[in-house]
Structures are given as C-alpha cells and as structure tokens.
Amino acid sequence: MKTYSKSIILILFAIATLCACSKEEDLGKSNIDVETPNRQGTDKWIYDNFVTPLNLEVKYRWDDSEVEIDKKLVPAEESQVIPFLEVVKKVWIEPYTDKTVVPDETFLKRLSPKQIVLVGSLNYNSDGTITLGTAEGGRKIVLYEVNGFSKTNKEQVLRMLHTMQHEFGHILHQNKLYPAEFKKITPAYTKTWNNYDLETCNKEGFITQYARSSPDEDFVEMIAAMLTMSKTEFDNMVKAIKWADGRNKIREKEQFVVAYYRDKYGIDIYALQQRIADAMASLNAPVTPPAGK
C-alpha cells in the first residue's frame, strides 16, 4: 500500500514538472551576434582566398595579444595587406596546391597554420639579429615587414618566402619527425650562432648561420634554402663553398630533406622547388594583353 501511494505521488510530481517546463519564458534578445558578417574589401578578399579554401585566418588589424609586447612594432597598413598576401598566395599556397606537384589535395588544408598574423615592421632583437617570422605550435605564423613590401623587390620577396618555408617546415616536422641521424651530421650546434659568420658556418656544413642554432632549425633552414632557389641556384651556392667537407655535409643534409618529403608526404621536393621558382619568376613577368586588344 505504501509502495502504491509513493508511485501515485511520483507520477503527479512528474506531471507537474512537465507542465512547469512547458511554459515559455521571455529571456530577452541574445547578446551573441549570429548574423553573417558583411565582409567587404580586404576582409572579403581574405575570406575568399585564405579562409574558404584553407580554413586559414589572416589577422592584420593590431592586436597586442598576438605579438611580443616588449618590442617596438607597428601595425600593418591595410593598403599593403592584399599586395603582400597576393605574393604569399602565388609563391607559397599555389605551388603546394598544384596537384601535379603535391598529389594529396588535402595536404595544405590539413597542415597549414590556422592563423597568419601580419605586422608592419621588422622585429629587431637586442642582440642585433632580426626576427622575420615566428611559428607557435604549428597553429600560428607571425610575418613581419608588411609595410613597404613590394613584389618587384626580390630581396623582400625572398625574405618573406624563406620565412614561410622555414616556419612551415617546423609545422611539417612537428607532425612527422625527421630521422634522428640528421642531427649527427654536424653536431656542433650553439645558441651563439650569430657570433659566427656565414663562411665559417658553410665550412662546418651549415647552409646558413641560423642553421647552427639547433638541429630543428638546421633542418628547416635546409628546406627554406632549397625552396627559395631554383635547383641551379642552390647547386651553384653549394659549389661556391670552398671546403669540400662543408659541401659534402650540406649535400648529405639535402638528401635527408629529399627523402623526408618523399617518404613522409609523397612529394618530390625538386618538382616543388621548380614550381616555386617558376612562380617567383612570374612575379616580374610582363602582363600579356588579351587577344584583340
């Protein structure tokens, strides 16, 4: 009898609860903006060329939280953003999305950073060096020197491309490790790399001075050097090194990079190298007028 009475009470309580929940309360207008943003100008161009195809956000408006607060940096000028990004697209994105070079159509979308932050000025360090770009956990790349950038200034374009290839190289090896044997080729790494001139570093088998700072930096500097020059230019640079031991060590590292791209990502890095070199050459190519004009 007690059990029966308890059941009746529980049923009545459940009915009362359902009735109470069925009443609609007016909570007022939500403060969350769910409207589709009306993108125009620079924002629309970025959305169409970076966000939609690659899910890659580009931030160019100043945000203290995205940069080093102890450095004297200036915002990117909006008038420079699209010209700068057009070159990034042409010499970095398009070669990696060319199916004749990179068979995996999802490669760049999967592995590209999810955010690029643009800064107008160079980033000067207290030791006299310059930071051209940084990568954070494979998710974000900060690029400097946007203001004053010109696609006809080859030195500037090469600096930007070297930075992109360097930082993207970090993302690649953070996803798939390069062989540990690479680190044994030239073990004389040092944090005081900037105390050595390029000639000394080449003699010891480092492609650049910064390559001497750590094995990871050495590996991505090899990638960046190969992918900012044609094969002929790269070969000529290596041949110009006076010391056979240094040349041989750099060539050994080159073969590690070739095997890494082939075995880990199915990419012929020499084909990619040529595709980028062609894109670089086209930046200054004359525009062919349409037929009949």
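Look a little higher up for the structure.
The rules we used
Residues numbered from 1 in each chain as written. Predicted model: local features only at pLDDT ≥ 70, side-chain atom pairs only at ≥ 80, totals over all residues. Heavy atoms only, no water. Helix = DSSP H or I, 4+ residues; strand = E, 2+ residues; numbered from the N terminus. Buried < 20%, exposed > 50% of the residue type's maximum accessible area, 1.4 Å probe, protein only. Contact = heavy atoms within 4.5 Å. Areas by Shrake-Rupley, 256 points an atom, 1.4 Å probe, with all protein chains shown as cover. Expected span 1.5 Å × (residues − 1). Phe/Tyr/Trp six-rings, centres within 6.5 Å; stacked < 30°, edge-to-face > 60°. Lys NZ or Arg CZ within 6 Å of the ring centre and 35° of its normal. Salt bridge = Lys/Arg side-chain N within 4 Å of Asp/Glu carboxyl O. Polar contact = N/O pair within 3.5 Å; in protein donor to acceptor, adjacent residues only side chain to side chain. Pairing = 2+ DSSP bridges. Axes fitted to C-alpha atoms, helices over the stretch in contact; angles between N-to-C directions.

> What is the right way to look at the overall build of the protein chain in this model?
Each helix and strand counted, the protein chain has ten helices and six strands in total. Burial analysis of the protein chain (293 residues in total) assigns 43% to the buried set. Contacts spanning at least 24 positions in sequence make up 68% of the contacts within the protein chain whose residues lie at least 6 apart. Surface accessibility of the protein chain: about 16,800 Å² in total, with carbon and sulfur atoms responsible for 54%.

> Looking at this structure, how should I read the environment of Leu132?
For Leu132, the location among the structural elements is in the loop between strand E4 (130-131) and strand E5 (133-136). Exposure remark for Leu132: the relative accessible area of 27% places this residue in the partly exposed category. Through-space distance from the C-alpha of Leu132 to that of Arg159 is 7.5 Å; in sequence the pair is 27 residues apart. Residue contacts for Leu132: discarding those within four places in its chain leaves Leu122, Val142, Leu143, Tyr144, Arg159 and Thr163.

> Can you help me understand helix H9 (residues 244-265) in this one?
Along an α-helix, residues three or four positions apart point the same way, because every turn accommodates 3.6 residues. With 22 residues, H9 should reach 32 Å at 1.5 Å per residue; the first-to-last C-alpha distance of 31 Å fits that figure. Every buried residue of H9 is listed here: Gly246, Ile250, Lys253, Glu254, Phe256, Val257, Val258, Tyr260, Tyr261 and Tyr265.

> What's the story with the packing of aromatic side chains in this structure? I'm lost.
By convention here, two paired aromatic rings are described through the distance between centres and the angle between planes. Inspection of every chain in the model, using the stated rule, returns 17 aromatic pairs. Between Tyr96 and Phe107, the aromatic rings sit 5.7 Å apart at their centres with planes inclined by 20 degrees, giving stacked as the arrangement. Here Tyr96 is found in helix H3 (residues 78-96), whereas its partner Phe107 is found in helix H4 (residues 107-111), with eleven residues between them in sequence. Assigned by exposure class, Tyr96 and Phe107 land together as buried. Three or more aromatic residues joined by ring pairs make a cluster, and in this case those are Trp92, Tyr96, Phe107, Phe168, Tyr178, Phe182, Phe219, Phe256, Tyr260, Tyr261 and Tyr265. Between Arg212 and the ring centre of Tyr196, over which it is positioned, the NZ or CZ distance is 3.9 Å. Looking at Lys231, its charged tip hangs above the ring of Tyr270, at a distance of 5.1 Å from the centre.

> Just to check I follow, could you spell out the pattern of salt bridges for this structure?
Opposite charge on two side chains permits pairing when their charged atoms draw close. Evaluation of the coordinates by the stated rule reveals 18 salt bridges. Taking the shortest distance from any N to any O, the salt bridge between Glu105 and Lys99 comes out at 3.8 Å. The class of Lys99 is exposed, set by a relative accessible area of 53%. One salt-bridge network, in which partners are shared between bridges, spans Lys59, Asp63, Glu66 and Lys140.

> What am I meant to see in the side chain of Thr190 here?
With respect to the secondary-structure elements, Thr190 resides in the loop between helix H5 (154-175) and helix H6 (198-203). Judged by relative accessible area, which is 17%, Thr190 ranks as buried. A polar side-chain atom of Thr190 sits 2.8 Å from a polar atom in the side chain of Thr192.

> Help me understand the sheet that holds E5 in this model?
Two strands in a sheet stick together by hydrogen bonds in their backbones, pointing the same way (parallel) or opposite ways (antiparallel). The four strands lie next to each other as E1-E2-E6-E5, forming an open sheet whose pairing is mixed. Across the chains shown, the open sheet's two edge strands, defined by having one partner strand only, are strand E1 (57-59) and E5. For this sheet, the mean inter-axis angle between neighbouring strands, taken without regard to orientation, is 15 degrees. Bridging between strand E2 (residues 115-118) and strand E6 (residues 140-143) involves four bridges; their strand directions are parallel. Along E6, the bridge assignment pairs Gln115 with Lys140. Packed on one face of the sheet, H5 meets E2, E5 and E6 and runs near 165 degrees to E6.

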